[in-house]
Amino acid sequence: MSTNTEHQGSSMDTLKWGLVAIILAAAVVGNQYFDTVSVLYRALGVVVAIAVALFIAASTEKGKAAWAFAQESRLEVRKVVWPTRQETIQTTLIVLAVTALVAFAIWLLDMGLVWIVNLITGV
């Protein structure tokens, strides 16, 4: 009995995803077709179409799972201890200094290789 319900749910999800694809395709085609209409109205139409598509997609199993994942991610982001302004500035300066040192080392290596090639080729 449960396999029949799962099969019916997955076929309904497939139908919903097809409808989402059709709505999004209609938004793209409609935006191109009505190019003489004001950009404001076309943008509003596309936003409404995307909102409807998201609403339909959210009612599928994958959509529900994605929504749950987004909510859990939001909770995890709230738990993060973000660095202070001073820590951010210090870390940024360290990254810039190390980048400059590596760039200088690569430049020295390049100059050395050019010198060696010039010695070998006689240029």
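Cut-offs used in this document
Residues numbered from 1 in each chain as written. Predicted model: local features only at pLDDT ≥ 70, side-chain atom pairs only at ≥ 80, totals over all residues. Heavy atoms only, no water. Helix = DSSP H or I, 4+ residues; strand = E, 2+ residues; numbered from the N terminus. Rg over C-alpha atoms; globule rule 2.2 N^0.38 Å. Buried < 20%, exposed > 50% of the residue type's maximum accessible area, 1.4 Å probe, protein only. Lys, Arg positive; Asp, Glu negative; His and termini not counted. Charge placed at Lys NZ, Arg CZ, Asp CG, Glu CD. Core = buried A, V, L, I, M, F, W, Y, C linked by side-chain atoms within 4.5 Å. Contact = heavy atoms within 4.5 Å. Phe/Tyr/Trp six-rings, centres within 6.5 Å; stacked < 30°, edge-to-face > 60°. Salt bridge = Lys/Arg side-chain N within 4 Å of Asp/Glu carboxyl O. Expected span 1.5 Å × (residues − 1). Patch = residues over 30% accessible without salt bridge, like charges linked within 9 Å, V, L, I, M, F, W, Y side chains within 5 Å. Areas by Shrake-Rupley, 256 points an atom, 1.4 Å probe, with all protein chains shown as cover.

## Some thoughts on the overall build of the chain
Then, number 1: A tally of regular secondary structure across the chain gives four helices and zero strands.
Then, number 2: Helices (α) and strands (β) of the chain occur, in sequence order from the N terminus, as α-α-α-α.
Then, number 3: In summary, the chain has a C-alpha radius of gyration of 28 Å against a globular reference of 14 Å for 123 residues, an excess of more than 25%.
Then, number 4: Along the first, second and third principal axes, the C-alpha set of the chain runs to 80 × 45 × 40 Å.
Then, number 5: Residue burial in the chain is summarised as follows: out of 123 residues, 9% are buried.
Then, number 6: For the chain, the separation between the mean place of its 8 positive charges and that of its 8 negative charges on side chains is 9 Å.

## Quick notes on the nonpolar core
Then, number 1: Judged by nonpolar contacts, Val-20, Ile-23, Ala-27, Ala-49, Ala-53, Ile-56 and Ala-57 together constitute the single largest core of seven residues.
Then, number 2: Those elements that place two or more of their residues in this core are helix H1 (2-33) and helix H2 (39-58).
Then, number 3: When residues of this core are assigned to their parent elements, the largest contribution, four residues, is made by H2.
Then, number 4: In contact with Val-20, other than residues within four places in its own chain, are Ala-53, Ile-56 and Ala-57.

## Describing the environment of Ala-27
Then, number 1: Structurally, Ala-27 is set in helix H1.
Then, number 2: Given a relative accessible area of 11%, Ala-27 falls into the buried group.
Then, number 3: Filtering out sequence-adjacent residues up to four positions away, Ala-27 remains in contact with Val-46 and Ala-49.

## Quick look at the packing of aromatic side chains
Then, number 1: Scanning all chains against the criterion turns up two aromatic pairs.
Then, number 2: With centroids separated by 5.0 Å and ring planes inclined at 85°, the aromatic side chains of Tyr-33 and Phe-34 adopt a geometry described as edge-to-face.
Then, number 3: A relative accessible area of 63% places Tyr-33 in the exposed class.
Then, number 4: Under the relative-accessibility criterion, Phe-34 is labelled partly exposed at 45%.

## Describing the side chain of Thr-60
Then, number 1: Structurally, Thr-60 is set in the loop between H2 and helix H3 (61-79).
Then, number 2: The contacts of Thr-60, once residues within four sequence positions are left out, are Asp-13, Lys-16 and Trp-17.

## Re the side chain of Asp-13
Then, number 1: When you line up the elements, Asp-13 lands in helix H1.
Then, number 2: Despite being buried, Asp-13 has no salt bridge partner; Lys-16 is the closest side chain of opposite charge, sitting 4.7 Å away.
Then, number 3: Not counting chain neighbours up to four residues away, the residues in contact with Asp-13 comprise Thr-60 and Glu-61.

## Some details on helix H4 (residues 85-121)
Then, number 1: With 37 residues, H4 ought to run about 54 Å at 1.5 Å a step, and its terminal C-alpha atoms sit 53 Å apart, in line with that.
Then, number 2: At the C-terminal side of H4, Gly-122 shows a positive phi close to 75°.

## Looking at a nonpolar patch on the surface
Then, number 1: A surface patch of nonpolar side chains, amounting to about 770 Å² of accessible area, comprises Val-29, Tyr-33, Phe-34, Val-37, Leu-40, Tyr-41 and Leu-44.
Then, number 2: When residues of the nonpolar patch are traced back to their parent elements, those giving at least two are H1 and H2.
Then, number 3: Element by element, the count of residues in the nonpolar patch is highest for H2, at three residues.
Then, number 4: Looking at the element boundaries, Phe-34 is found in the loop between H1 and H2.

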